Amino acid sequence: TSKLSASAPEAAVAAGTGSEIAAAEREWLDLWKRGPTRVRWTSLPIQPGDKAPDLELADSSGSIVRLSDTWHRGPTIIVFLRHFGCSCARDRVARLKQEYADYLAAGANVVAVSQGEPARARRFALLHGLPCPLLCDPPRRAYEAYGLLEGRPSQVVYGMPDDFLRCDVETGAEFQASRRGTQSAAVDNPFQLPGEFVVDQHGLLCLTYRSQYCADFAEPQVLVAAIKEARLGLKYG
């Protein structure tokens, strides 16, 4: 992967991210050495009809946002992303850009959640043209509250050599070094799985989609239908 270009938006937010990227790389390698630990639920995760967890998260400017501030304005899609260096996160953003107008037309708000701090989140959003607000959850409290697990290596590094399935430390360190300084840098939690949720204007979950592998995204038509259910006030179960 080529080095990041020094575009004007990138230059505007590059200052101060270097130490954060270094810390995020250390976290990635530490967690890689440890291997995934949160791979099953110890209690039933939140389901459709349950109250959506309402957390306070910083946005990419550093301002604090309550999740309920988004759904009080109408049904909201919450898209939890993988780490910033994962191609699956970039793929989800690229597809979200194509789908975004349909979600707005259906009457939804859209917000994304990341593992990064505000400066890295802003950098990622600018580089990839994210069309919606990006919230920051470095400790992954929201990921856990919404029942998103860590994946086993077979769910996040499938297609890679077998050493990756064993979380081989030397292989992980070499992999990270090969990506350092690129938009594919190995940062944050390598095992965190993504997911997507639709919350109605009363804060109730209409759709809970927890990805089974890193490139597993909800179908746009299903998200739009869930938005319409929310707007119509339809309840089942």
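Structure's up top.
Note that this is a predicted model, so its numbers are computed, not measured.

Glancing now at the packing of aromatic side chains. Under the defined criterion, the tally for this structure stands at 11 aromatic pairs. Taking the centre distance of 5.0 Å and the plane angle of 65° together, the rings of Phe80 and Tyr143 count as edge-to-face. One end of the pair, Phe80, is in strand β3 (residues 76-80); the other, Tyr143, is in helix α6 (residues 141-145), with 63 residues separating them in the sequence. In this structure, Phe80 and Tyr143 share a single accessibility class: buried. Centroid distance Phe80 to Phe197: 5.7 Å. Interplanar angle 85°. Geometry classified as edge-to-face. You can see Phe80 sitting in strand β3 and its partner Phe197 sitting in strand β6 (residues 195-199), a full 117 residues away along the chain. Side by side, Phe80 and Phe197 carry an identical accessibility label, which is buried. Among the aromatic residues, those joined into a cluster by ring pairs are Trp28, Trp32, Phe164, Phe175 and Phe191. Lying over the aromatic face of Phe217, Arg92 brings its terminal NZ or CZ to 5.5 Å of the ring centre.

Within strand β7 (residues 205-210), 5 of the 6 residues are buried, which leaves it mostly tucked inside the rest of the structure. Bridge count between β6 and β7: 5 bridges; the pairing is antiparallel. Bridge pairing in β7 links Val199 to Leu205. Counted between consecutive antiparallel strands, the loop separating β6 from β7 contains 5 residues, among which Gly203 sits at a positive phi close to 85°.

Here we take up the nonpolar core. Ranked by size, the top nonpolar core spans 33 residues in total, and within it Ile77, Tyr103, Leu130, Leu134 and Val198 carry the most contacts. Within the residue set of this core, elements represented by two or more residues are α2 (17-34), β3, α4 (87-105), β4 (109-114), α5 (118-128), β5 (134-136), β7 and α10 (220-232). With sequence-adjacent residues up to four places away left out, Leu130 is seen in contact with Val93, Leu96, Ala112 and Ala125.

The sheet built from 7 strands is open, its strands ordered β2-β1-β5-β4-β3-β6-β7 with mixed pairing. Edge positions in the sheet fall to β2 (64-66) and β7, since each has one partner strand and no second. The average undirected angle you get between the axes of adjacent strands in this sheet is 30°. Across 2 bridges, strand β1 (residues 56-59) lies against β5 in antiparallel orientation. Across the sheet, residue Asp59 finds its bridge partner in β5, namely Leu135. The sheet strands contacting α4 are β3, β4 and β6, and the helix crosses β4 at an angle near 160°.

Moving on: a nonpolar patch on the surface. Among the surface-exposed residues, Leu232, Leu234 and Tyr236 lie close enough to one another that they form a single nonpolar patch of about 370 Å² accessible area. Tracing the backbone through its elements, the reader meets Leu232 in helix α10.

Under the counting rule described, the total for this entry stands at 12 salt bridges. Of the charged contacts in the structure, one is a salt bridge between Glu99 and Arg95, with a shortest N-O distance of 2.3 Å. Linking Glu99 with Arg95, this pair stays in helix α4, spanning 4 residues, or about one helical turn. For Lys235, the salt bridge identified is with Asp200, shortest N-O distance 4.0 Å. With Lys235 in the segment after α10 and Asp200 in the loop between β6 and β7, this pair connects stretches of sequence that are 35 residues apart. Residues joined in a network through salt bridges with shared partners are Arg92, Arg95, Glu99 and Glu196.

One way to put it is that α4 packs onto α10 with a least axis distance of 11 Å and a crossing angle of 40°. Comparing their axes, α10 and α4 come out oblique. Remark: the crossing between α4 and α10 carries right-handed chirality. Facing Arg92, Arg95, Glu99 and Tyr103 of α4, the residues of α10 in contact are Pro220, Leu223, Val224 and Ile227. Partitioning the contact of α4 with α10 into residue classes produces 5 nonpolar, no polar and 3 charged.

All right, on to the packing of α2 against α5 then. One can describe the packing of α2 onto α5 by two numbers: an axis separation of 9 Å at closest approach and a directional angle of 100°. The angle between the axes of α2 and α5 places the two elements in the roughly perpendicular class. Where α2 approaches α5, its residues Thr17, Glu20, Ile21 and Ala24 are matched on the opposing element by Ala119, Arg120 and Arg123. Considered class by class, the residues forming the contact of α2 with α5 number 3 nonpolar, 1 polar and 3 charged.

Parameters and conventions
- Residues numbered from 1 in each chain as written.
- Predicted model: local features only at pLDDT ≥ 70, side-chain atom pairs only at ≥ 80, totals over all residues.
- Heavy atoms only, no water.
- Phe/Tyr/Trp six-rings, centres within 6.5 Å; stacked < 30°, edge-to-face > 60°.
- Helix = DSSP H or I, 4+ residues; strand = E, 2+ residues; numbered from the N terminus.
- Buried < 20%, exposed > 50% of the residue type's maximum accessible area, 1.4 Å probe, protein only.
- Lys NZ or Arg CZ within 6 Å of the ring centre and 35° of its normal.
- Pairing = 2+ DSSP bridges.
- Core = buried A, V, L, I, M, F, W, Y, C linked by side-chain atoms within 4.5 Å.
- Contact = heavy atoms within 4.5 Å.
- Axes fitted to C-alpha atoms, helices over the stretch in contact; angles between N-to-C directions.
- Patch = residues over 30% accessible without salt bridge, like charges linked within 9 Å, V, L, I, M, F, W, Y side chains within 5 Å.
- Areas by Shrake-Rupley, 256 points an atom, 1.4 Å probe, with all protein chains shown as cover.
- Salt bridge = Lys/Arg side-chain N within 4 Å of Asp/Glu carboxyl O.
- Parallel < 35°, antiparallel > 145°, perpendicular 65-115°, else oblique.
- Left-handed = near helix turned anticlockwise from the far one by under 90°.
- Nonpolar A, V, L, I, M, F, W, Y, C, P; charged D, E, K, R; others polar.

Interpretation in functional terms is not warranted from these geometric data alone.
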